[in-house]
Structure formats: structure tokens, C-alpha cells
Amino acid sequence: MSIYIDENTRVLVQGITGKQGSFHTGQMLNYGTKIVGGVSPGKGGQEVEGVPVYNSTFEALENQEAEASILFMPAPFAKDAAMEALDAGLKLLVLIPESIPLHDAMEIMAYAKQKSAVIVGPNTFGLVSSGSSKIGIMPNRYFIPGPVGVVSRSGTLCYEIVGHLTDSGIGTTTVVGLGGDRVVGLHFIDVLKKFEEDHDTRAVIMVGEIGGSAEEEAAAHVAAHMSKPVIAYLAGKSAPPGKRMGHAGAIIERGRGTFESKVEALNGAGVKVADLPTRISSLVQSVL
Amino acid sequence: MSIYIDENTRVLVQGITGKQGSFHTGQMLNYGTKIVGGVSPGKGGQEVEGVPVYNSTFEALENQEAEASILFMPAPFAKDAAMEALDAGLKLLVLIPESIPLHDAMEIMAYAKQKSAVIVGPNTFGLVSSGSSKIGIMPNRYFIPGPVGVVSRSGTLCYEIVGHLTDSGIGTTTVVGLGGDRVVGLHFIDVLKKFEEDHDTRAVIMVGEIGGSAEEEAAAHVAAHMSKPVIAYLAGKSAPPGKRMGHAGAIIERGRGTFESKVEALNGAGVKVADLPTRISSLVQSVL
Amino acid sequence: MKLYEYLGKELFNRYDIPVPRSRLVENAGQAGEAAAELGDVVIKSQVLTGKRGKAGGIAFASNPEEAKKEASRIFDMSFSGFAAEKLLVEEKIEIEQELYLAFTIDGSARCPVVLASLSGGMDVEEVPEERMIRWPVDVSIGLQPYMIREICRLMGVSGDLQKEFLKFMPKLDRMFKELDAELAEINPLALTPNGLVAADAKVTIDDDALYRHQELPRISEKTALERKAEELDLAYVELEGDIAVMANGAGITMATLDMVQHYGGEPANFLDFGGGADVEKTSQSLELLLGTDPRVLLINIFGGITRCDVVAEAFVRVKQSQGIELPVSFRLIGTNEEEGRAILEKEGIKTFNSMDEAVRHAVELSA
Amino acid sequence: MKLYEYLGKELFNRYDIPVPRSRLVENAGQAGEAAAELGDVVIKSQVLTGKRGKAGGIAFASNPEEAKKEASRIFDMSFSGFAAEKLLVEEKIEIEQELYLAFTIDGSARCPVVLASLSGGMDVEEVPEERMIRWPVDVSIGLQPYMIREICRLMGVSGDLQKEFLKFMPKLDRMFKELDAELAEINPLALTPNGLVAADAKVTIDDDALYRHQELPRISEKTALERKAEELDLAYVELEGDIAVMANGAGITMATLDMVQHYGGEPANFLDFGGGADVEKTSQSLELLLGTDPRVLLINIFGGITRCDVVAEAFVRVKQSQGIELPVSFRLIGTNEEEGRAILEKEGIKTFNSMDEAVRHAVELSA
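First, a word on scope: everything that follows refers to the structure included in this document.

Parameters and conventions
- Residues numbered from 1 in each chain as written.
- Chains lettered and ligands numbered in written order.
- Predicted model: local features only at pLDDT ≥ 70, side-chain atom pairs only at ≥ 80, totals over all residues.
- Heavy atoms only, no water.
- Helix = DSSP H or I, 4+ residues; strand = E, 2+ residues; numbered from the N terminus.
- Rg over C-alpha atoms; globule rule 2.2 N^0.38 Å.
- Buried < 20%, exposed > 50% of the residue type's maximum accessible area, 1.4 Å probe, protein only.
- Areas by Shrake-Rupley, 256 points an atom, 1.4 Å probe, with all protein chains shown as cover.
- Lys, Arg positive; Asp, Glu negative; His and termini not counted.
- Charge placed at Lys NZ, Arg CZ, Asp CG, Glu CD.
- Contact = heavy atoms within 4.5 Å.
- Buried area = accessible area lost by both parts, 1.4 Å probe.
- Salt bridge = Lys/Arg side-chain N within 4 Å of Asp/Glu carboxyl O.
- Nonpolar A, V, L, I, M, F, W, Y, C, P; charged D, E, K, R; others polar.
- Disulfide = S-S within 2.5 Å.

So, on to the overall build of chain A. Across its full length, chain A carries 9 helices and 14 strands. In terms of overall size, chain A behaves like a compact globule, its C-alpha atoms giving a radius of gyration of 18 Å where 288 residues would be expected to give roughly 19 Å. Its C-alpha atoms put chain A at 55 × 40 × 30 Å along the principal axes. Evaluated residue by residue, chain A yields a buried proportion of 64% over its 288 residues. Of the roughly 9600 Å² of accessible surface on chain A, 48% is carried by carbon and sulfur atoms. Here chain A contributes 24 positively and 30 negatively charged side chains, and the mean placements of these two sets differ by 5 Å.

And the structure:
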């Protein structure tokens, strides 16, 4: 089983004719994702990797049925594309672009809430239900089916950890990238709820980092509602306060979002926090 | 039975300390309405007709449970009061004021939709579930229980018609005033759906008027979905085009919303349209 | 409140919406001067009625003499009873295509709606449904660029013209919202070599929101009597007949007029004096009606918030102070009806219980 | 992008938010002149670090002499390594009460949040939770008057001060939104006999939205190296240690630094050169790091979109063009790892498969 997406999820690619869009359309098709159409204003009628291209999301949905969309475009155009997709009725949007203005992101989130839609990202690698479908830009080969759910704020670090798991013979149910920005659609707590309900997921890995309070909120949720074991790793122990460590969201401001407060909260909730990313797979093995 | 409200509906009165607010609080209490609190900024701590007054809807809801609210205040303050009530979690708002700016009304409606709340009005007499509760300003004595649902765009004309029914010994289940403005929360079609589901309602009276397209939309709905008999009366047959007949919504503009188009639509849907308001009760008697 | 074209265009200008260069003139001489300055011109009567073009209220002139002549002609005309006090003399623009664009309010959808069509220049009612794109604008997010692109796609517009719309529509949208407009219509919206230009302007401001737009002028199409009624906060519309009607509530007043016509009479007016009026306001309503010199007076009161005794008292007061000589048909039921009737009976005035009877009586009296 | 107080106040002024009268000065003499003009003054160092008050960067003066003296003193100071280039000389205002007001962004609620407190003047972290009112603002409706009244009620504010907030907050809200601010903080917000006045201004603009605010100045707290990295579109932060770190992805770069520290080393920097960089950008990243003269270079590549052969090629290019003399610990796996390794092996460079081993090796090399 899987959460959010499965092999039947029909996906549009917004910004399909761009370099990133076309490359990852190929990668997603290779993985098995059901891509039914692409959107690129002014480029309607073309094909990319055999996928028909439309001028707008509305036009795409006049011709194809779809539930989800992945967005590739420069940040200044992302809000409009996301609003369009939501208005047109899509219920799951994966926002790949980074550097989307915060006020744009907040408008997207407010409208998604109204439309009861799920936003993954922005500044995310997307999500993958191992072995059946991916809507994202993660490398295909590390994501093989297995019993562990993974949810992460960062990309490459998540691949590193999933790579370790794979090397240890442990596969994943679904792997979700929350995104590295300050305002993102999904938080740990949302994904934890889904994993708790997912019969195939037997343990969950949280990959967090400094900044924000998503890990602390997740800890409170784990303590109150999670029956499945949760293992965590947090990046940024050595980061100085007040500095943005690459991700817009990875910053300790006004004494909030420190490594220590997160570890304390997670430990208090019974979550095992690995001190090195390379030690996660053995912690996972111990709880499976 | 009844629709929207019943004897258990707990009601706040916003603007309770004003002349209209305090008078109708007394009238509603007399009718049996469960008024649990009043709101009047800066007047918290007072009592009106034995009802405690609070400074804000939030404060009222910290002290009382309530689902509905009726609003009495000058039009320029109505939007803010309505937004507050919606934000505070109330699910049914009766907007008595007339002359609320259209753009304000549209903002109220958009937010109500987000909050899954029902707006009755503005510029309405409210609604009454005969014999159990009223949230409105209609005269108490005409509204006695019986088998007929009534939904009207105008006030006094509705009382006139319900008065006739009462004189003929026919009572009502619920009587709903949609309001006389161009932008109102409930349309005929919304209330017709409720009456169709209400076991106690055996026939429905629609009191419409020229302007807008609510009657035409209702006619299409009746044709497709209503099993119960519907009787209508429409005011404004003699009104010249382009003139506002008292109600902001009662205007024939650009050839739309004429008496003829409404009668034709209703007749086409099998709705009997009375040529005089005084002939409705006999039409109703013929279908009961 | 409908605005004259020139006022609408002043507002367009304020919102950076392109309009032709123009001069507003008050006599034929000024029209000639304007033409001397602007070259080929269009001369347009500034009246609020639609279809002034068909009525001859728009003329072209290619020199000052011609402009003076046409202006004179238009100043002498009457449009639905109104003469134009001002003319707008505009440069004649080079029009490649006439489009239609409007923002208005959709009562069904409870939100603003964009109307757009490639079939501009003609009456909006005459544009076939499928050639008129309607796009409701969700108030919680407002007009977004993708909506404009989508409207363009549905119109069959792309490329440069789409880019023009992407610049143009947000300005009109902003004006529509900020000025509490009910309608902001541009017909035709002219596509010129320099882009989109608003060749006409039909702007209506929501009367109920005028209090927050002190900067706007006040324009009224109302008759003197309607204006007086407005000051008294009465809903009053002048009609052609001879039976003066007074009732409480818009719906019942309309229904009373309908019933008067149904029984063969002709109402002289619509007068809704509202719910819960006091003796003063009720008296003023009566005085206003009597001032119109009708043949018969029909009063139809179904008392809810309105108290019958108050209406009766007002009636007696007016009768005593200025006399009420014409025949009256008086229907009075509802709140405090006994008290009201007692007051009237002292003065020898009979009332009806039934609206039907009262109306029939009024029609008989008028025959 | 953090703004200096004086810039924040310029923006406040543009949004009609009351601020004290002031002069911006660049030397002590000008400070004296400003004091001569303004009377009793406050002299404030214009630096971006917080807590400049505690550090002595704020002084009072009641005459020009005193102002000159204090200004001199402050110009000579250093704040977290930065000297003040400008001082703001402000009239001393009569403060009845010091309040706190800020608009910021709440990542948990995914919307702006108003922070308000009667306990102004102190560090925001020191205000007890229950004295700090937090009100998330629903983006779909924006700040509404009832929210302001409710914030006031929760603060225990009513009457005239509530009226002041009803005027004040919408202005700050508008600025916050229109300028794409991440933070607009006023601490203290001074209640004076003339109403609320912003006695300080801490405004941060969202870097990602700067492209649509060409009117705003560009301010950087970054070091010269960080600025150079910014031009190359690299995420770079200078640190204190001696092991230069380069990795692809913010999370894994942070984790690499953490691991360096875990094994007893000290990272010299954070350098995330992003996903999918080409040979050019990768070379530039390497050159930038080598320019910092570290003791050891640690490269940690987990290739996803990033191709290992591209990284290897860039490394070889830099090695050949300028030489890489310092010891290197190179971890390279993922997309095209065989090709990458082959390229490096030709140059005699060994790579690790494991991040753990690579980091431990780097730490050993630095010892």
C-alpha cells in the first residue's frame, strides 16, 4: 500500500516543455508514474516523451482526467500555476521550485485549504510510493518497496538515508519530501497520520532539521497518537544561530527551532534520534 | 420537523443593545427562541431582556455555546460583524441589515463558503420554524405549525401570504426569507432542497419577484428534483424595466429577470403560479 | 449610481486604463475648438440612457465647422426625456477590432464576473451566448493571471493580444473593486495599433457603498419627486397612472401595483415607506403622495414592525393639517389594528381587512 | 534582507505609520547639528545586529555638544564585528507606555501572524507567553477590524488605545504584505500623548521576493566571500573551522558539518552547490573554497540529479589549472559514479563510498 499516491494516480506535468520538466517526465514515466498530460502555455499540441501538451490546466482537464500535478517553472510563475491547478480541481500538487516568495506560498496554501487539496513543497523532491509511482525528482533506483515510511525536510540527505536502508535490504512504503522552505504545505504531523493508518508501514523515519517547529509539533503528535515506532535524524546540530543553512526554513531565529529543543521534544515522545545519518538503518532494524 | 433551525438552536444576537436588537430579542424570546447571548462591543457585562451581553462573538463563545447568530447593526458595520461570527465558528448567520455594500456582501459569502456556514440575507426578515424557534423580525402570531414550507424574497408580502394561509387554517413548517438584495446567501434552490428532504413539509410556496435569475434556477431544480408540489407567486408584473422597485435585487436589467421569463420557467417546471397573492391559499389547499 | 461616460473615463484614466484623448464641452463653440485641437473627432452626447448611438447621439466630424454643426444638433436632442448637458469630443482612434469587456456582479454565483467577447460594439444582449465568455472571480483570491489567460483561450485569443489583456484586465478589476462598482463595461474595447483602448465607459457604482466614496460626484437620474423621496429615505418610483399607492415593504408594494393593474387600474407610483416608520415619516410619505395630485389614494398596510395605530395617527394628522380631499381606499391589518381602526373611525374613515377588496375599491374609485 | 532601522522607518513613513522626527547622520558633527534642530534626542547606531542597546549603541543627549560626544563614541564601537556607518538622531518622544507589535510569518499556521503585547521595550524572547498575543491572519480574508478588536481584548486594551490600534495595524499590515516582508517589528511601540508612534523598526524583506521590489535598496550582512558565493548562486556560510566542506543539498551539507564536529573536527564553511550543477558551477564552487585557504577539503557527493562524472571532471579541471595542494577527502556515489571514479583514478585520486569514512578521514587529515 501507499499514502497520497499509487499506481493509479493520474498526473499532469506543469512546465513540461522546460529542461527540468521534460527530463523528469521521462524519469517519472520510467518509474511507472501515470503521466496523462503536460501543461505549457503557448505550447499546446506538442508532445514531450509521448505525453500530450496543453495550453492550460483547464484545457488539459478537458481532455484528460487527472488528480495530481507536478510543477516545474521559475519561482515567479509558480503561484499562478498552482492557483490555476487548484481552481481546475486538482487535489495533489507537488511544487518543485525553490525560492517561491513567502507571501505567494501563503496564498497557495490558503487556497489549497479552501479547495481541500494537498500541497507537497515547495522546494521539495516530491513523493514516491516505492515500486508504483513517483511524483518528484528523486533518483529512481533507491526507492524499492518495503515496510518503512520516510518523511523528510531535505532531499539529498533523505536519499542518503534511504540509500543506506536499501543497502541494508530495507525498502520503503512511501517517501515524502516536505520541502525546505519556511512555508510548506505538508508538515511531519500530516504525513505521520497517514503512515499510522497505512497497513503496510511498520516503522517511520523522520528526517528533520533546525528551524521552525514542525519537529516539536510532530513529537507531541507521536506521543499522543502514534502506535508505530518512529526513528528520527536531525540535521544542523553544528549550525550557528541566525544563519540560513541553505534551506530558507533552516534557520534558528529568536532562540526558536534549535537542535536541542527538537531532540528533547522527540526523545520525550519516545522517538529514537540517531546521532549520525549512517546509524538510522540499524535503529530501524532493531524495531522491525 | 423543520429546516435550518429548531427549538434547540442556540442563538447569539449581534448588536443586541441597539433599538432593533433589543426589541427583537424580546420578540424572539417570546416566540421561544433559545437566545444564549448578545454581542455589543464595549457593552460587555450588561443584560438585555435577561440575556448576557459580551464585547465580541469570541468572548460570547468563550462563555456560551451557540450555532447561530442574528445581526442588527448599521450596514457599514455588518461585514466586520459577519466575518467575526464566521471566524468564531458560527454556522448560521441571519443578516437583517439592508443597504450592505455589494462588495461587502460578496466577501461575506465567500468566507461563509470557506467556513461551510449558511448566510440568510442580507435584507431579510430571517427564518422561522413555526411553533419552535424564529431567528428574525417577522411578527410572531402568523407563524403556526403546519405542512407548508414557505420561501420568499420579500418580507411583508410573505407575511401577507402566510397570514392568508393561517386564516385558512393552514400552518407552516419553516418560513425562510431570502432577502431583497442582489447578493444573498440562500437562493430558492438551496431552500427547496431542504424542504424536499423535510418529512413534515408537504407543499412549498415560493414568493419571488422580478430581477436576478433565482426563480429560473429554482424552476430547473423543481423540474429535475422536486417531488413535492410547489406553488409560486411573483411580484413585479407591472414594474417598468430599469427601475429598482424598493429591493436592490428587484430590477430588470438588460432584459434579464423579467416577470415573463420567470413565469414561463416556473410553469414549464410544473409550478403553479398564482396571479394574485390572495389566491395562493386555495391553490395550496388543492394540492395538500 | 450610473456615471456619465466622461466620468467613467476619468476614473479609467486614474487607474491607468488607456482612453482616447478628449475634451468635455458644454456648447457647440467649444466642440469646434476641441476639434481644431484633436483633428478627426467623435462627438458623444453625455447621457445615461443606453443606445444613444442608435438615437443619433454620436457623430463624427473631420473639421471644426462640422464638429460645431454636429454638436449643435446633439445639444438639441432629447434622450428618453433627458437632454445632454455636455458632449465628449474625442480623437477618432484607429480601430482594428472591436471587443467587449465588462466586470459585473453575478447574483447567482455571489461574486464578480468577467464578461469578455470578440463581438464588441453591438448591444450586449445581442451577442450570442457562446460568443460571450463569462468567468466568475472567486472573491477569496481575486482576479489571477491564469484566469485572464483562460478567458483569452476561451475567446480564442493568444499571443500579443493575450499579453494586452494580461496588462489591461487587472487594472479594470482593481477599479471595479476599489470603487465598489456594480458594473464597469467597455463596449467597444478598441484594439488599436497602440494596444487596447477603452472607446466607451459604462460604470455604475453601488449606491449602498457611496458613503465610502466621498471623492465621487453624485449623479441622479431621478425626478425631482424621487429625489425628495430619497431624502426622506423612502423607496419611491414615479409611474404613469392615477392611483397613488403607499405600502410597507418592497414586495407587497409591487404586489399592490400588480393587483391594481390586474383589476384594470393604473398605479401612479411605487412607494414603500419601509417597516417600522414613525408618525413623522409616515406623514411625510403621505404628503409626498398628495403632492403628486393623484385621483385616488390606496394605502395597504400589513402591520408587522409597522404599527397600524401609527399609520392611522399620521393619516389623521395630515388630514387635519392640509386636508385630504381625494377618495381613499385604506387597508389596515396587523400590529395594533384595533387601535388604528378606532383612530380612523373617529374621523369617519372606513378600512378594509382584505388587500383584494381595498385594491378593487381603489380601482372603482379611479374609474 | 534585514533593513536598517532608518530604512524601516522610511518605509513606515511611506505607509503613514507615525515615527519620531529624525536626521540620519554620517559623522559626529552632523549629529550635533541634528540635536541643535531637534532638541532632546536619542542617538542610535544603524546596525543590523539585535541588542545594540545593551551593547551601548543607543545614547541620549540634551544638547548638541553631548550629541557630538555620544555620536563619536558610538561611531568608534563595533557590533558583532560591524561598525555603524550611520546614526539615526531622533527627537526624544514622550512615552507613556511601551508596547510591542509585530507582523511575522508563522510556518506552522502557514500564514502571517500578529504578535502584540503590552510588555514592550524588552527582548521579545523575554516576554512571558501569556503576555504575548498571537493572532494568525487568514490569508483569504486578510486583517479585518474585528481581529484588531479581538487582539486588543486579549491584551486588555479598550477605549482610545483600541481606536489607535484600529488605525495603526491596518497600515502595518498593508506594508507587510505589499513589501513582501517576513518581519515587521516595532519594539517599543510608543504610546505618546499624540497616539502610537513607532520608536523602533525591524523590517526584513523576503529575499525570494526582492525581484519584485526594485525600489528597495540592497543590504547585505554577508562577508565578501558570502557575497561572491551569492553571485554564483551557491548557498554558502562562513564558519570558524579548518575543514572546507562541499556537498550537494542543504540537508546533507548540514549533516556533513554535524558529522565533522561529531568526529572532533571543525568545519570551515557550509557550501551547498545545489542539485544538477554543471562542470562550470562545480569548478567555481571548488575555487571559492580553495580561496579560503582551509587545511583540508571534504567533498561529499551523493549523486541524484548531480552527476558524479561532472563533479570529478570539475575537480580535475581545477586541479590542473591551479593545483590542489591540500589534502582532500572525497566521497562520491550515485549517478554515474563509475565514470566519475574512473576520471579521478587517472589523476591518482581515491574516493570513498561511505560518508562516514570520508568524514573521519577528513578529520584525521586536519588533526
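We are not done yet, so read on.
Interfaces are frequently sized by the accessible area removed from exposure as the parts join. Contacts between chain D and chain B engage 11 residues on the former and 14 residues on the latter. Of the roughly 1000 Å² buried between chain D and chain B on both sides combined, carbon and sulfur atoms contribute 48%. For the chain D face of the interface with chain B, the top three residues by lost area are D:Tyr146, D:Arg149 and D:Arg153, together amounting to 49%. Between chain D and chain B we count 3 salt bridges in total. In this structure, the salt-bridge partner of B:Glu84 is D:Arg149, at a minimum N-O distance of 3.0 Å. Sort the elements by how many residues they give to the side of chain D that touches chain B and helix H4 (residues 145-155) of chain D lands first, with 6 residues. A breakdown of the residues in the side of chain D that touches chain B according to their chemical character gives 5 nonpolar, 2 polar and 4 charged.

Glancing now at the state of the cysteines. Between two cysteines, a covalent bond joining their sulfur atoms is known as a disulfide. Throughout the structure, instances matching the rule amount to 0 disulfides over all chains. Its sulfur unpaired, A:Cys158 is 18 Å from the next cysteine sulfur, which belongs to D:Cys308. Assessed through its relative accessible area of 0%, A:Cys158 is described here as buried. In this structure D:Cys152 is a free cysteine whose sulfur lies 19 Å from that of D:Cys111, the closest cysteine sulfur available.

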